[in-house]
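Here's the letter readout for the chains.
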Amino acid sequence: MIVTDVCEAIISHQGAKSMDDVGRWDADQDIKESKYFKDLVQLPATKKISPHPKDWKCEKSGDTQNLWLNLSDGHIGGGRRFWDGTGGSNGALDHFEEEKA
């Protein structure tokens, strides 16, 4: 019967087998809670973040590389500067220090 042949072809397809294998692998993983999430304060959403990371930019400098997303308030900041002062804008670290104060 054609329907049976089609169903068997779909089931035996490598994609279906690999998805099944991944499911078994996921089931074997022991999921542990992060010690950091318990103290993570989630502030009310005040800004809309694009679902496309290519649209993100540092809110301090406008940089589009090496960005960090603050999961508490949605702030997008640039990465740290290198030891010689070059590189990132330090936007994420500066935001952290401002919020901590």
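Everything that follows concerns the structure shown earlier in this document.
Let me sum up the structure you'll find in this document. Quick caveat: nothing in here was measured; it's all calculated off a predicted structure.

Moving on to the overall build of the protein chain. The helix and strand tally for the protein chain stands at 3 helices and 2 strands. Listing every helix and strand of the protein chain by position from the N terminus yields α-α-β-β-α. The buried share among the 101 residues of the protein chain stands at 14%. Sequence separation of at least 24 residues holds for 29% of the intrachain contacts in the protein chain that already meet a minimum separation of 6.

Its location among the elements puts glutamate 59 in the loop between helix H2 (14-28) and strand E1 (67-69). When the C-alpha positions of glutamate 59 and isoleucine 76 are compared, they lie 5.9 Å apart, and in sequence the two are 17 residues distant. Apart from the residues lying within four places of it in its own chain, the contact partners of glutamate 59 are Lys47, Gly74, His75 and Ile76. Side chain to side chain, glutamate 59 and lysine 47 meet in a polar contact 3.1 Å long. Polar side-chain contacts of glutamate 59 include one of 3.1 Å to the side chain of histidine 75.

Reading guide: rules and limits
Residues numbered from 1 in each chain as written. Predicted model: local features only at pLDDT ≥ 70, side-chain atom pairs only at ≥ 80, totals over all residues. Heavy atoms only, no water. Helix = DSSP H or I, 4+ residues; strand = E, 2+ residues; numbered from the N terminus. Buried < 20%, exposed > 50% of the residue type's maximum accessible area, 1.4 Å probe, protein only. Contact = heavy atoms within 4.5 Å. Polar contact = N/O pair within 3.5 Å; in protein donor to acceptor, adjacent residues only side chain to side chain.

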